[in-house]
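These are the residues of each chain, in order.
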Amino acid sequence: MDERQGLIIINTGNGKGKTTAALGLGMRAWGQGLRVLVLQFIKGNWKYGELQAAERMGDDFVIRQLGEGFVRNAQDDEKADHQQAAQQALKDAKTEIMSGNWDMIILDEINYAVKFGLVSWEEVAALLAIKPPLLHLVLTGRDAHPEIIDRADLVTEMKEIKHPYKKGIKAQKGIEF
Ligand code: ATP
Ligand code: MG
């Protein structure tokens, strides 16, 4: 009997490491010959470090930027743009999930998109429901919705103990970008 199973994985919490842990999983999977796609729900968040790494890793480790700008301080009209972009991202995610082209798909900051009302938790739940059985789906971002947590197989909460920003230490190459 084939014991392989695609997992639903969530990295959430306020501590640093959600996206980088997801990328680490992606690297491990890629090393095993799996095909990995990273879709970004909040644009402008990607760092050159991972983009350049993905370039070198070739066709089986792809990072694609979706979404539109950063939402934290979005004005109302900007929010409409973000919403449209996030909805487009959701559509693209659905297409890729159904495509059979990937063994692991990382939906980066999708939890955040839900938190800010750009997509609904029901829409994310619908993505999980259509997931092919062997596909690993990784969702990152703070404040993962409880309904989505319910549907996951592996959930990790990053907890901040210390962050260098609090001491006024600036972003360091290879750590933050
Ligand atoms: P990373 O991409 O480094 O794994 P993350 O995905 O856990 O971080 P996000 O919520 O996506 O974190 O936020 C991205 C940015 O916010 C990063 O530059 C990160 O260092 C910073 N950040 C994350 N957690 C904290 C924190 N507790 N205090 C201050 N800055 C933080
Ligand atoms: Mg992140």
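Details of the structure are given in the entry above.
Rules used throughout
Residues numbered from 1 in each chain as written. Chains lettered and ligands numbered in written order. Predicted model: local features only at pLDDT ≥ 70, side-chain atom pairs only at ≥ 80, totals over all residues. Heavy atoms only, no water. Pairing = 2+ DSSP bridges. Helix = DSSP H or I, 4+ residues; strand = E, 2+ residues; numbered from the N terminus. Axes fitted to C-alpha atoms, helices over the stretch in contact; angles between N-to-C directions. Contact = heavy atoms within 4.5 Å. Buried < 20%, exposed > 50% of the residue type's maximum accessible area, 1.4 Å probe, protein only. Arc of directions from axis to C-beta. Core = buried A, V, L, I, M, F, W, Y, C linked by side-chain atoms within 4.5 Å. Donors = N, O, S within 2.8 Å, 3.2 Å for Na, K, Ca; no water. Salt bridge = Lys/Arg side-chain N within 4 Å of Asp/Glu carboxyl O.

Undergrad: Describe in detail the sheet that holds strand E4 (residues 104-108), supporting the description with residues and values.
TA: Ordered by their spatial adjacency, six strands build an open sheet running E3-E2-E4-E5-E1-E6, and the pairing between neighbours is parallel. The sheet is open, and its two borders are formed by strand E3 (61-65) and strand E6 (154-158), each paired with just one other strand. Going across the sheet, the axis of each strand differs from the next one's by a mean of 15°, ignoring polarity. Across five bridges, the pairing between strand E2 (residues 36-40) and E3 is parallel. By the bridge assignment, Gln40 is partnered in E3 with Gln65. Lying over the sheet, helix H1 (residues 18-31) contacts strand E1 (8-13), E2, E3, E4, strand E5 (136-140) and E6, oriented at roughly 165° with respect to E4.

Undergrad: Describe in detail helix H2 (residues 48-57), supporting the description with residues and values.
TA: Within the span of H2, buried status applies to Glu50, Ala54 and Met57. The buried side chains of H2 occupy one side of the element, clustering within an arc of 60° when seen end-on. The exposed residues of H2 that point more than 90 degrees off its buried face are Tyr48, Glu55 and Arg56. Packing partners of the buried residues in H2 comprise H1 and E3. Backbone geometry just after H2 places Gly58 at a positive phi near 90°.

Undergrad: How would you sum up the nonpolar core? Please name residues and give values.
TA: Formed by 29 residues in total, the largest nonpolar core has its most connected members in Phe41, Ile105, Leu107, Leu137 and Leu139. Those elements giving two or more residues to this core turn out to be E1, E2, helix H3 (76-99), E4, helix H4 (110-115), helix H5 (121-129) and E5. Broken down by element, the residue count for this core peaks at five residues, all from H3. Once residues within four sequence positions are removed from consideration, Leu139 is found in contact with Ile8, Ile9, Ile10, Asn11, Leu107, Ile110, Asn111, Val124, Leu128 and Ile148. Among the nonpolar cores identified, the runner-up in size contains 14 residues, and Leu23, Ala29, Ala54 and Phe61 belong to it.

Undergrad: Mind laying out the coordination of the magnesium ion (ligand 2), listing which residues take part and the relevant values?
TA: Protein-derived coordination of the magnesium ion (ligand 2) comes from Thr19 (OG1) and Glu109 (OE), at a distance range of 2.1 to 2.2 Å. Remark: Glu109 occurs in the loop between E4 and H4 and Thr19 occurs in helix H1; sequence separation between them is 90 residues. Here Thr19 matches Glu109 in class, with each residue buried.

Undergrad: I'd love a proper account of H5, names of residues and values included.
TA: Residues of H5 that are buried: Val124, Ala125, Leu127 and Leu128. All buried residues of H5 fall inside an arc of 155° around its axis, so they share one side.

Undergrad: Describe the pattern of salt bridges, listing the residues and the values that go with them.
TA: Evaluation of the coordinates by the stated rule reveals six salt bridges. With its nearest N and O atoms 3.1 Å apart, the salt bridge here joins Arg35 to Asp103. Residue Arg35 is found in the loop between H1 and E2, and its partner Asp103 is found in the loop between H3 and E4; the two are separated by 68 residues along the sequence. A relative accessible area of 29% places Arg35 in the partly exposed class. The shortest N-O distance in the salt bridge between Glu160 and Lys166 comes to 2.9 Å.

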